[in-house]
Amino acid sequence: MQEAYGIQTEVINKSYGKRRILYDVSLKVPEGKIYGLLGPSGCGKTTLVKIISGILRPDDGTVWVRNQQMPSLQVMGQMGYMAQAAALYPTLNGYENLKFFGSLYGLKGRGLKERISHVAALVNLTDDLSKRVGNYSGGMKQRLSLSIALLPNPKVLILDEPTVGIDPLLRQDIWSELYELSGQGVTILVTTHVMDEAQRCHGLAMMRNGHILATGTAAQLQQAAGAGTFEEAFIFFSNAAEHEEGGNKNG
Ligand SMILES: Nc1ncnc2c1ncn2[C@@H]1O[C@H](COP(=O)(O)OP(=O)(O)OP(=O)(O)O)[C@@H](O)[C@H]1O
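Residues numbered from 1 in each chain as written. Predicted model: local features only at pLDDT ≥ 70, side-chain atom pairs only at ≥ 80, totals over all residues. Heavy atoms only, no water.

Participant: What's the story with the pattern of salt bridges in this structure? I'm lost.
Facilitator: Side chains that carry opposite charge are capable of pairing whenever their charged atoms lie near each other. All chains considered together, the criterion is met by 6 salt bridges. The closest approach of N and O atoms between Arg-110 and Glu-114, which form a salt bridge, is 3.3 Å. Residue Arg-110 and its partner Glu-114 are both found in helix α4 (residues 109–122); the two are separated by 4 residues, about one turn of the helix. Assessed through its relative accessible area of 47%, Glu-114 is described here as partly exposed. Measuring nitrogen to oxygen at the nearest pair gives 3.9 Å for the salt bridge that ties Asp-196 to Arg-200. (Salt bridge = Lys/Arg side-chain N within 4 Å of Asp/Glu carboxyl O. Helix = DSSP H or I, 4+ residues; strand = E, 2+ residues; numbered from the N terminus. Buried < 20%, exposed > 50% of the residue type's maximum accessible area, 1.4 Å probe, protein only.)

Participant: Whenever I open this one, the site of the ligand confuses me. Can you help?
Facilitator: Lining the immediate environment of the ligand, one finds 13 residues, of which Arg-19, Ser-41, Gly-42, Thr-46 and Thr-47 sit closest. Side-chain polar atom of Arg-19 to an oxygen atom of the ligand: 2.9 Å apart, as the coordinates give it. Gly-42 is positioned with one of its backbone polar atoms (N or O) 2.7 Å from an oxygen atom of the ligand. In isolation the ligand has 640 Å² of accessible area, and contact with the protein removes 62% of it. Among the elements of the structure, β2 (19–30) and α1 (45–53) are those that each provide at least two residues to the shell around the ligand. If you tally residues by element for the shell around the ligand, the top one is α1, at 3 residues. For the shell around the ligand, the per-class residue count stands at 4 nonpolar, 6 polar and 3 charged. (Near = heavy atom within 4 Å. Polar contact = N/O pair within 3.5 Å; in protein donor to acceptor, adjacent residues only side chain to side chain. Areas by Shrake-Rupley, 256 points an atom, 1.4 Å probe, with all protein chains shown as cover. Nonpolar A, V, L, I, M, F, W, Y, C, P; charged D, E, K, R; others polar.)

Participant: I keep staring at the sheet that holds β2 and nothing clicks. Help me out?
Facilitator: Within a sheet, adjacent strands bond to each other through the backbone by hydrogen bonds, running parallel or antiparallel. Spatially, 4 strands are ordered β2-β1-β4-β5 in an open sheet, and the strand pairing comes out antiparallel. A strand with exactly one partner marks an edge of an open sheet, and here the two such strands are β2 and β5 (68–69). Pairing between strand β4 (residues 60–65) and β5: 2 bridges, direction antiparallel. From the neighbouring strand, Trp-64 faces β5, where its bridge partner is Gln-69. (Pairing = 2+ DSSP bridges.)

Participant: What am I meant to see in the packing of aromatic side chains here?
Facilitator: Ring pairs (aromatic) are described by centroid distance and by the angle formed between their planes. Taken as a whole and judged by the stated rule, the model has 5 aromatic pairs. Look at Tyr-89 and Phe-100: their rings are 5.2 Å apart centre to centre, the planes differ by 80°, and that puts the pair in the edge-to-face class. Separated by 11 residues along the polypeptide, Tyr-89 in the loop between β6 (79–82) and α3 (94–104) and Phe-100 in helix α3 bring together distant segments of the chain. Where Phe-100 meets Phe-101, the ring centres are 5.2 Å apart and the plane angle is 80°; that geometry is what we call edge-to-face. Residue classification places Phe-100 among the partly exposed residues on the basis of a relative accessible area of 32%. For Phe-101, a relative accessible area of 15% translates into the label buried. Three or more aromatic residues link up through ring pairs in this structure, and these residues are Tyr-89, Phe-100 and Phe-101. (Phe/Tyr/Trp six-rings, centres within 6.5 Å; stacked < 30°, edge-to-face > 60°.)

Participant: Just to check I follow, could you spell out the environment of Glu-232 for this structure?
Facilitator: Position of Glu-232 among the secondary structure elements: in helix α9 (residues 230–250). Looking at Glu-232, the relative accessible area reads 42%, which means it is partly exposed. Along the sequence, Glu-232 and Glu-10 sit 222 residues apart, while their C-alpha atoms lie 28 Å from each other.

Participant: How should the side chain of Asp-160 be read in this particular structure?
Facilitator: Assignment of secondary structure puts Asp-160 in strand β7 (residues 156–160). Among buried Asp, Glu, Lys and Arg side chains, Asp-160 stands out as unpaired, with Lys-45 the closest opposite charge at 6.6 Å. At a separation of 2.8 Å, a polar atom in the side chain of Asp-160 contacts the side chain of Thr-46. A polar contact is formed between the side chain of Asp-160 and the side chain of Thr-191, at a distance of 2.5 Å. Once residues within four sequence positions are removed from consideration, Asp-160 is found in contact with Thr-46, Val-49, Tyr-81, Met-82, Ala-83, Gln-84 and Thr-191. (Lys, Arg positive; Asp, Glu negative; His and termini not counted. Contact = heavy atoms within 4.5 Å.)

Shown next as structure tokens:
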């Protein structure tokens, strides 16, 4: 049987002006899995997830989400996206922010109220919903953004650095929730520059300078690199790519 993919990209390229940001990025994210995009700051993770979400257009290449070619309005309605720089309304309180974004997702009435209670509890914000978001800490804003992405009960969830600024206990809760959602069939794409976070994913792609260096499970990648630690595996694939780039330049 053919494997079902929640997200697929084929040879995505993107430049800003003369600067190339993504090079032939091809990925396959199996449906219902948590997939990590691991790479240092500036390697192109946000650009890639924005392209997958339909926010940015690639220069060329194709994205499929749930087997539909993007951009597709129907599929975009099944996706939750958590941006790195939260687009929250600071003068509104947490509840009002959730209500506003919920209405954009087409939720209303009792259904909307129930979803707000559910997602606020998941990120431990129930007691803070009446506070102005402008007075939230960085971690609280992060949690509110995550709860907004969860509002539409998405089939595909795209999270750009979701646990930055979040304390270890809550991070644990968030990961438990992500595993729970994945168990229910939700495909989750998470960007991170943190090794231990990437290792929690079912599968991952290592990225550097707009290139995919290697893909697989953390254990497979470590084994392929013959590395003692996952961090060493990342360094191994980075060095190998650098060597190849140098070779191409020289050749
Ligand atoms: N709108 C833009 N115009 C020009 N350059 C951009 C634009 N957006 C991003 N870039 C550049 O593209 C490169 C990749 O950025 P991107 O945000 O995708 O990286 P990232 O891996 O997500 O980094 P971080 O983890 O720091 O968010 C960076 O060098 C960035 O400066």
